[in-house]
Amino acid sequence: MVEFAQTLVNGLVLGALYSLVALGLTLIYGVMGLANFAQGEFAMIGGFSAFFLVQEGVSYPLAVVIGFAVAGIIGLLVHLLAFYPLRQSNHINMMLSSLGVSLFLVNLAQYLFSPNPQVVKSPLSGESFNLGGIFISQQRVLIVVISFILCLATFLLLKHTKFGRSVQAASLDPDTATLYGVPTKRISFMTFILGVALTGIAGALLAPVYNVYPTMGISLTLKAFVVVVLGGMGNVSGAIAGGVIVGLIESFAGGYISTGFQDAIVFTVLFVVLILKPQGILTKVQGEKV
Amino acid sequence: MNRNRILFWTCILVGMICILSSLYLQNLYILRVAVFAVIAAMLAVSVNLLVGYTGQVSLGQAGFYGIGAYTVGLLTTQWHWSFWLALLAAFILTSLTGLILGLPTTQLKGHFLGIATLGFGIIVNVIFNNWTSLTGGPNGIRGIAPPELFGISLQYENYFLGFSLFCLMVVVLMVHLVVNSAIGRAWKCIRHDEISAQVSGINVYGYKLMAFSLSGGIAGIAGGLYAGFMTFISPETFDLNQSITIITTAILGGPGTLFGPLVGAGVLTVLSESLRALNELRLIIYRAILVTVIVFLPEGIYPFISKKLRKRGIASQLKLKDRRRELDEQDFSQS
Amino acid sequence: MNKWRLKTVGMCGTAILVLSLLNACAPPKGADQASSSKSSGSKEEIKIGFVSQLSGGGALYGKQMENGAKLAVDEINKKGGILGKKIKLIIQDDQANPSESVKVTQRLVTEDRINAWIGTLKSSDTLTDIGITSKQDIPSFVPVAVANSITESDYTNVYRNVANNSMQAKMFVDYILKKQPHKKLAIIAENTDYGRGLSEDFKSFFEKGGGEIVNVEYYNVGQKEFNDQLTKIKGEKPDGIVISGLVAEGALVLKQAQDLGMKTQWYSFGGFSGAAPIKLAGKAADGMIHTEYFTPIKGDKKIETFVNAYKTKFGDKPDAYYSAATYDAVNLYAEGVKKAKTLDNKKVNDALHSISNYQGVMGSISFQEDGQATTKVWMAQIKDGAQTVIFRPE
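Residues numbered from 1 in each chain as written. Chains lettered and ligands numbered in written order. Predicted model: local features only at pLDDT ≥ 70, side-chain atom pairs only at ≥ 80, totals over all residues. Heavy atoms only, no water.

Trainee: Give me the interface of chain B and chain C: which residues, what numbers.
Mentor: Between chain B and chain C, the residue contacts involve 36 residues of the former and 40 residues of the latter. With both chains or domains summed, chain B and chain C bury close to 3,500 Å², and 55% of this area falls on carbon and sulfur atoms. When the area that chain B buries against chain C is broken down by residue, the three leading residues are Leu28(B), Tyr29(B) and Arg276(B), summing to 17%. Inspection of the region where chain B meets chain C yields 4 salt bridges. Residue Glu280(B) is joined to Lys63(C) by a salt bridge in which the shortest nitrogen-to-oxygen separation is 2.8 Å. Put simply, chain B and chain C have 8 residue pairs in polar contact (both at pLDDT 80 or more) between them. Secondary structure elements with two or more residues in the side of chain B that touches chain C: helix 1 (2–22), helix 2 (28–54), helix 5 (110–130), helix 7 (157–179), helix 10 (204–230) and helix 13 (282–296) of chain B. The greatest single-element share of the side of chain B that touches chain C, amounting to 6 residues, is contributed by helix 2 of chain B. Split into classes, the residues belonging to the side of chain B that touches chain C amount to 17 nonpolar, 10 polar and 9 charged. (Contact = heavy atoms within 4.5 Å. Buried area = accessible area lost by both parts, 1.4 Å probe. Salt bridge = Lys/Arg side-chain N within 4 Å of Asp/Glu carboxyl O. Polar contact = N/O pair within 3.5 Å; in protein donor to acceptor, adjacent residues only side chain to side chain. Helix = DSSP H or I, 4+ residues; strand = E, 2+ residues; numbered from the N terminus. Nonpolar A, V, L, I, M, F, W, Y, C, P; charged D, E, K, R; others polar.)

What follows is the structure, given as structure tokens:
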């Protein structure tokens, strides 16, 4: 029973953590139609900036906030160099460009920071809550809370601000939005920066749990993609739902079926969902425009 | 029409000369690099059928590649089949896999298809890694016997290069014939506009399945060649990175062209080998060049070069072919 | 009809031409096992080819190997080289990919004409690569890869100056069964040839010795989340857990186990030992007992000199055996050349086989017939954030 409860908790916590990474990805996809394979690398950037700042004596919470900014700035550069010139090109080229950027950033990080994993100390690391034999580390609880807050904030931002409405207009139909005076170019820039910066925060928060190293982003990107596809691309509440679903599947598959085939099971579920509901679980099916 | 024919036979001749001259190569390093380049080219050709001709993304090509390699590896070592029979089995099995993968996924579009195929690649890799009783797990399969042809053992790298070049030529020829048949025209329609293809009575589903199946089969042959050449296979060769490399090769070279994937494989091989002296900076510069090429030559290297050549009027022979493509492009922009 | 005849004649002609051309070509030189063992390379310098993973996930281990090799080469060159020739180290990154590994090894052999080869991080790549170097009889050193099969493949030019899987697992099992009270263990292993090989050997020895393995859980390289594996193992209530993996993942296993409130005896192998667990897992690593090929202990002059030289050159203490073993490998080759007084591959190989009790930083080394060194494994325990040797064989 305890084992079951622990597996459940593990899954939920993991889900919240995936949602956080997926949040940025889904925003970017919604507006730019870009399947950004370099998303996880921004988590790596956030993580490394937190590492260096904490090493220099900056307090951890401040380091997380700066991680947000650093990821955003690098995101701006990446957007200018690798995605903006391709805005008229097809999605496949954009996707390929993001794959290239991802590999480039990994190799660059390795050259600059060495391939060694680095430890980021958070005031909470090493401490756990014990709820009758079920353990949750405090850093993970923090991640769940912040993940929830950020998802909610993004949701409200999209619903209730002018920027948010422009983002929604741009993601629904960029051409019409432009005609109505929405600055779609600027919106796409800002969404990209916001999206990768959110992932930067995720990286800084994950650092104490997972350590920081150049190749840390790739597996995060993959999981985030599964989350986003399950929840519906471009859908913020879908990112939360998708995250929790993936977290639970992974945890229970690992706990009760096989840890070796864990990833295969996650992707099989994804397959089934894609076939049954190709638009994602939470999105209503839309007819294709001709 | 006659000109096209001359061009066709010139290409065949050049191919034959390449195959024959490769037999005289003596430098083992160049030979090995060349064989891997030929395999890379074949993989790029396979993914080009999907990405280039039919407009379908595949991020799981390494799955087919791996299934092909493991089929040959297992059949020759465990059941002592001859290499040729195993290669045929690999082709059939991967074609079938492509068909089965295509059944559900052809209804998906764009990125969803990309993610689904990516999932396929990962599932296949996980199976290679964890079904230890069959695949040997991470230890892989060792001691695959190199093939023999008319009593000549292909364990020598130059013979193998000749043989793999021959396979590549056959595959390219096959693709050429298919693409210029009714099937190819249907694919082109689907790439340009799926819905209008459907409306004009093209069996979109069936033709997409065909593309998946053929693409899988070609990747399977490449896998079989890899297994025969390396005589050792292990799961890490057939991972996501490999899938990415394959699609990158095809798109850099020029998707939707016959020779684009070959050019892509050649350029990437030469680039990657010539940067080796840079040591630590090598991969950084290599990736930077890749991104730059994608950003500045989104249509691919081969179309760019042939356009340049045509502008200078050097390749008057290429004209007809290009004009045909131009017409296609016009169709495309009008639709 | 005439057209067809023309075509047939043309085709036959081409076929004959092709066949005659085919007849004339020959397999490349050096492709055969039996080909000459000539002393390759230029006369001015001795070239050592080094292949390891220097990018991607495993680069942190490959870099340490590289540093060890660089240090050894520098030291030898400062002393004037061997036989009056300087050593040149040619470094290649194989990205832990079998085909890359084969390519760079072939490049080193054919283009650079190396005199000796050192590599790699992964056993499976090493096995394929030594297939190439053995064709030229190039002395090949395997300082890090530990799969048993490497020295069981009848090559006469392959030397491993580190204990292999079964030697290590055997000694560890003997130690645990004799000196520790734990009879019921669980294993958490990396799903690679390294992790699987070790855990399988360990399991069979341990069960033969009367112990019980309650659970073997695998994880992938680069994995970050171990809660599922650990929750499962926790439910089995073992006396201790054996980590059969490397540093990056091992440290996370310890940390996450601590977060899950697991208090148990940890065991691990040489791949997850040395200073790295302490650095990366902190308190969670306390009490862990591990086998050790190399420990930077004080008191041994050879080891101290190495550690200090490494520290001055690279700013870091050598974490684990990767650097030390590669350092020893370069020096062993130098020793072999000195003994043979020539660069001829065959004579150097003979000289290397006759080395006995060479004193390296990893202890005394003699090569057996198959190239495996008879080295001993130490046991160490992490106590209060420092390594202490708890068992040192004579």
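Trainee: An account of the interface of chain A and chain B is needed here, citing residue identities and associated values.
Mentor: Taken together, the contact pairs 40 residues of chain A with 38 residues of chain B. Summing both partners gives a buried area of about 3,600 Å² for chain A against chain B, and 83% of it is carried by carbon and sulfur. For chain A, the biggest contributors to the area lost against chain B are Ile92(A), Leu96(A) and Phe271(A); these three give 16% of the whole. The interface formed by chain A and chain B holds 0 salt bridges in total. Looking at the side of chain A that touches chain B, the elements with two or more residues in it are helix 3 (60–83), helix 4 (91–113), helix 9 (217–231) and helix 11 (262–276) of chain A.

Trainee: How would you explain helix 12 (residues 345–353) of chain C if you had to name every residue and give the values?
Mentor: Residues and elements named next belong to chain C. Buried residues of helix 12: Asn345, Val348, Asn349, Ala351 and Leu352, and no others. Down the axis of helix 12, the sector holding all buried residues measures 165 degrees, keeping them to one side. Capping of helix 12 at its N-terminal end is provided by aspartate 344; its side-chain oxygen lies 3.1 Å from the backbone amide nitrogen of lysine 346. (Buried < 20%, exposed > 50% of the residue type's maximum accessible area, 1.4 Å probe, protein only. Arc of directions from axis to C-beta.)

Trainee: Quick rundown of the nonpolar core? Include the residues and the values.
Mentor: In this structure, Met42(B), Val175(B) and Ile233(B) are the most contacted members of the largest nonpolar core, which totals 205 residues. Among the elements that line this core, the one with the most residues is helix 2 of chain B, at 16 residues. Apart from the residues within four sequence positions on either side, Ile233(B) is in contact with Ala69(B), Tyr70(B), Gly73(B), Gly140(B), Ile141(B), Ile144(B), Tyr226(B), Ala227(B) and Phe238(B). With 108 residues, the next largest nonpolar core counts Ile76(C), Tyr159(C), Ile243(C) and Val307(C) among its residues. (Core = buried A, V, L, I, M, F, W, Y, C linked by side-chain atoms within 4.5 Å.)

Trainee: Give me the lowdown on the UniProt feature "domain: Leucine-binding protein" (unreviewed entry) in chain C, citing residues and values where you can.
Mentor: UniProt records the feature "domain: Leucine-binding protein" (unreviewed entry) at residues 45–385 of chain C, using the numbering of this structure. Note that residues 45–385 of chain C is 43% helix and 19% strand, and that its end C-alpha atoms are spaced 44 Å apart. (UniProt positions renumbered as here; feature names shortened; annotations may be inferred.)

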